[in-house]
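Observations on the three-dimensional arrangement
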Amino acid sequence: QTGSANTNPSDSADDEYITNVSIGTPAQVLPLDFDTGSSDLWVFSSETPKSSASGHVTYSPSKSSTAKKLSGASWSITYGDHSSSSGDVYTDKVTVGGFSVSSQAVESATKVSTQFVQDTVISGLLGLGFDVGNTVKPRAQKTWFSNAANSLAQPLFTADLKHQQTGSYNFGFIDTTLAKGPIGYTPADGSEGYWGFTATGYSVGGAKLNRNSITGIADTGTTLLLLDDDVVNAYYNNVESAQYDDSQQGVVFDCSEDLPSFSFGVGGTTITIPGSLINLTPVSDGSSTCFGGLQSSADIGINIFGDVALKAALVVFDLGNERLGWAQK
Ligand SMILES: O=C(NNC1=NCCC1)c1ccc(Br)cc1
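Residues numbered from 1 in each chain as written. Predicted model: local features only at pLDDT ≥ 70, side-chain atom pairs only at ≥ 80, totals over all residues. Heavy atoms only, no water.

Bringing helix H4 (residues 229–236) into the picture now. What sets the pattern is the α-helix's 3.6 residues per turn: residues three or four places apart point alike. Every buried residue belonging to H4 is among Val-231, Val-232, Tyr-235 and Tyr-236, and all of these are buried. Along H4, the residues classed as buried sweep out an arc of 120° about the axis, all on the same side. (Buried < 20%, exposed > 50% of the residue type's maximum accessible area, 1.4 Å probe, protein only. Helix = DSSP H or I, 4+ residues; strand = E, 2+ residues; numbered from the N terminus. Arc of directions from axis to C-beta.)

This is the structure:
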């Protein structure tokens, strides 16, 4: 068995990617942010304060004949961008891309932070991290993918995120036609709940890869490519107008710049992010100053290969073999 779901950028800056998920009987369809950097499936619901839920599609467990309250369970999560949410838990049927899990923990939000209140294009997150990262207490719950894995043709999923186009999350199979190059595999470390891996080197503008390894995570829930300051500086030293903008909290440059590519080695192959993907978006509508898709990871302490990097590749999240596959596209 397999599943295949389309995913779409939420806005002109590819800030996040939206995938529709069916919950309950009859189906309640909610747009969720699939996040390999976390392990909770949570939704705006009939239990979310009306003032916070305004403008969001919500899940009503009372309207689902297959919903059951998970007695005594609660959850609370804070993400890397300091957004947060919390609440109680139901189990219900959850279908993604045509594949159904009959009893999935659906975490209902009774509290959501301002960032989520304002982000009305999504109704919650579907975590695709490792189960160890799930926040439900007193007993941690499994992710949708973990529940599905044993029934899928193969215990893996792929992410094919695109710039301003429809991409896909495929479950249980690898559609190699989505890639232009071979898939390079490298071990994945799931001990922290994320998909950790090590890139073997990097280069700017098509130069030869150096051998400076970069350890980080593959995170569909983070917009940017966040790397060490020395790497960020090595890149932007090639961009004449680049400067750190305190108000923007990042490096900005003239939108007219022809940005160099950024490449990294992984699993014996090389992934090259075209400069165009690193010119993320004007700092404000109509501005000729643009915000960089590559920024510093210094204040996080871990490197994050977010959507800017993932958009350049077909990425295989292979739970069965505890490995990550990367292919140029
Ligand atoms: O929260 C994380 N990823 N997902 C999301 N970000 C914002 C909403 C969803 C995240 C995970 C690990 C590390 Br290290 C830093 C950040």
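Contacts to the ligand come from 13 residues, most closely from Asp-35, Gly-80, Asp-81, Asp-219 and Ile-302. Gly-80 is positioned such that a nitrogen or oxygen atom in its backbone is 2.9 Å from an oxygen atom of the ligand. Taking Gly-221, its main chain carries an N or O atom lying 3.3 Å from a nitrogen atom of the ligand. For the ligand, the protein covers 90% of the area, taking 420 Å² as the surface of the free molecule. The class makeup of the residues in the shell around the ligand is six nonpolar, four polar and three charged. (Near = heavy atom within 4 Å. Polar contact = N/O pair within 3.5 Å; in protein donor to acceptor, adjacent residues only side chain to side chain. Areas by Shrake-Rupley, 256 points an atom, 1.4 Å probe, with all protein chains shown as cover. Nonpolar A, V, L, I, M, F, W, Y, C, P; charged D, E, K, R; others polar.)

A few words on the pairing of strand E21 (residues 289–292). Judged from the three bridges that link them, strand E17 (residues 250–254) and E21 form a sheet pairing that is antiparallel. Looking across to E21, one finds that Phe-253 is bridged to Cys-290. Relative to E21, strand E20 (residues 279–282) is paired through three bridges, and the arrangement is antiparallel. The partner of Thr-281 across the bridge, within E21, is Phe-291. Linking E20 back to E21 in an antiparallel pair, the connection comprises six residues, with Gly-286 at a positive phi of about 85°. (Pairing = 2+ DSSP bridges.)

Moving on: the state of the cysteines. Two cysteines, two sulfur atoms, one covalent bond between them: this is a disulfide. According to the stated counting rule, one finds one disulfide in the structure shown. A sulfur-sulfur separation of 2.1 Å characterises the disulfide bridge that pairs Cys-255 with Cys-290. With the S-S dihedral at roughly 105°, the linkage between Cys-255 and Cys-290 falls on the right-handed side. One end of the pair, Cys-255, is in the loop between E17 and strand E18 (262–266); the other, Cys-290, is in strand E21, with 35 residues separating them in the sequence. (Disulfide = S-S within 2.5 Å.)

Spatial ordering of the open sheet is given by E13-E18-E19, a layout of three strands whose pairing is antiparallel. A strand with exactly one partner marks an edge of an open sheet, and here the two such strands are strand E13 (201–204) and strand E19 (269–273). Pairwise comparison of adjacent strand axes, ignoring direction, gives a mean angle of 20° for this sheet. Inspection of the sheet shows E13 paired to E18 by four bridges, in the antiparallel sense. Across the sheet, Val-204 pairs through a bridge with Phe-262, a residue of E18. Packed on one face of the sheet, H4 meets E13 and E18 and runs near 25° to E13. (Axes fitted to C-alpha atoms, helices over the stretch in contact; angles between N-to-C directions. Contact = heavy atoms within 4.5 Å.)

A few words now on the side chain of His-56. Tracing the backbone through its elements, the reader meets His-56 in the loop between helix H1 (50–53) and strand E5 (68–78). For His-56, a relative accessible area of 9% translates into the label buried. At a separation of 3.2 Å, a polar atom in the side chain of His-56 contacts the main-chain carbonyl oxygen of Phe-116. Looking at His-56, its side chain comes within polar contact range of the main-chain oxygen of Ile-122, at 2.9 Å. If we skip the residues at most four places from it in the chain, His-56 touches Phe-44, Phe-116, Val-117, Asp-119, Thr-120, Ile-122 and Ser-123.

This part takes up the confidence of the model for the protein chain. Predicted confidence across the protein chain gives a mean pLDDT of 98, with 100% of residues reaching 70 or more. The complex model carries a pTM of 0.99, and its ipTM stands at 0.97. (pLDDT = per-residue confidence, 0-100.)

Moving on: the pattern of salt bridges. Following the criterion strictly, the structure yields three salt bridges and no others. Between Lys-329 and Asp-160 there is a salt bridge, with the nearest N and O atoms lying 2.5 Å from each other. Here Lys-329, found in the segment after strand E25 (323–328), pairs with Asp-160, found in strand E9 (residues 156–160); they are 169 residues apart in sequence, far enough to count as distant. (Salt bridge = Lys/Arg side-chain N within 4 Å of Asp/Glu carboxyl O.)

In this section: the sheet that holds strand E14 (residues 214–218). Through backbone hydrogen bonds, the strands of a sheet pair up, either in parallel or in antiparallel fashion. Spatially, the five strands line up as an open sheet ordered E12-E14-E23-E15-E22, and their pairing is mixed. For this open sheet the edge positions go to strand E12 (196–199) and strand E22 (294–296), each flanked by a neighbour on one side alone. Looking at each pair of strands side by side, their axes are set apart by 40° on average, direction ignored. Judged from the three bridges that link them, strand E15 (residues 225–227) and E22 form a sheet pairing that is parallel. What sits directly across from Leu-226, in E22, is Gln-295. Taken strand by strand, H4 contacts E15 and E22, and its axis lies near 140° from that of E22.

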